[in-house]
Amino acid sequence: MTNNDILRRLRYALNLDNAGIIRLFTLGEHALSQEDLDLLLKKDDEPGFVDCPDVLLSAFLDGLIKSRRGAQDTAPEPAETLNNNLILRKIRIALELKDSDMIRILDAGGMEISKPELSALFRKQGHRNFVYCRDQLLRKFLSGLAKISREELS
């Protein structure tokens, strides 16, 4: 999955408008104009498409965490390189999701996962039980998040 896909899917799942997304980028300490956001939200095959770098997506996710949980005394530096595990972890922190919530969201997205399989995604990279989060799992998670959040808003 590209960072642009993740940004678009989170925008839909969390029912964010452009002003809200720009506010989250600002909270993540990265100013973004409306024109720049429009370029990031374009599909890959549309003219004017601009690839979203890891630093921008990290700033967005950090802004999401700050907006939902408040600013911390020591803010982490935006990640220079993101992987699916880190993206999933930041979403989990921002939305304050427990294991049971994560399993319910993945189930709504069409993927069954056990609690040990889920916890393996959040281990440190050198741990013997660490498992890389694949694109399919992240895609199913974002799909399930959209379904559940849209149902709760209705």
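In the block above lies the structure referred to throughout.
All values derive from a computational prediction rather than experimental measurement. (Residues numbered from 1 in each chain as written. Predicted model: local features only at pLDDT ≥ 70, side-chain atom pairs only at ≥ 80, totals over all residues. Heavy atoms only, no water.)

Could you clarify how one ought to interpret the layout of surface pockets in this entry?
Remark: the empty space left among the atoms is shown by a probe the size of a water molecule rolled over them. Looking at the second largest pocket, its volume works out to about 230 Å³. What lines the second largest pocket is a set of 13 residues, and nearest its centre among them are Leu14, Leu145, Ile148, Ser149 and Glu152. For the lining of the second largest pocket, the secondary-structure elements that each account for two or more residues are α6 (99-108) and α8 (135-153). Counting residues per element, the lining of the second largest pocket draws most heavily on α8, at five residues. Of the residues in the lining of the second largest pocket, the class split is eight nonpolar, one polar and four charged. (1 Å grid on protein atoms, 1.4 Å probe; cavity = no way out; pocket = protein on both sides within 12 Å on 5 of 7 lines; lining within 4 Å. Points joined across faces, edges and corners; volume = space filled by probe spheres on them. Helix = DSSP H or I, 4+ residues; strand = E, 2+ residues; numbered from the N terminus. Nonpolar A, V, L, I, M, F, W, Y, C, P; charged D, E, K, R; others polar.)

Just to check I follow, could you spell out the environment of Leu37 for this structure?
In this fold, Leu37 is placed in helix α3 (residues 34-41). Using a relative accessible area of 0% as the deciding quantity, one classes Leu37 as buried. The spacing of Leu37 and Phe25 is twelve residues in sequence and 9.9 Å in space, taken between C-alpha atoms. Beyond its immediate chain neighbours, meaning those up to four positions away, Leu37 contacts Asn18, Ile21, Ile22, Phe25 and Leu32. (Buried < 20%, exposed > 50% of the residue type's maximum accessible area, 1.4 Å probe, protein only. Contact = heavy atoms within 4.5 Å.)

Would you mind going over the environment of Val131 with me for this structure?
Among the secondary structure elements, Val131 is positioned in the loop between α7 (115-121) and α8. Accessibility expressed as a relative area gives 41% for Val131, which makes it partly exposed. Put simply, Val131 and Leu118 are 13 residues apart on the chain and 9.0 Å apart in space, counted from C-alpha to C-alpha.

I keep staring at the nonpolar core and nothing clicks. Help me out?
Leu10, Phe25, Phe60, Leu88 and Phe141 are the most contacted members of the largest nonpolar core, which totals 46 residues. Put simply, the parts of the chain that give this core at least two residues each are α1 (3-13), α2 (18-27), α3, α4 (54-69), α5 (84-95), α6, α7 and α8. If we ignore the near neighbours within four places in the chain, the residues touching Leu88 are Met102, Leu121, Phe122, Cys133, Leu137, Leu138 and Phe141. (Core = buried A, V, L, I, M, F, W, Y, C linked by side-chain atoms within 4.5 Å.)

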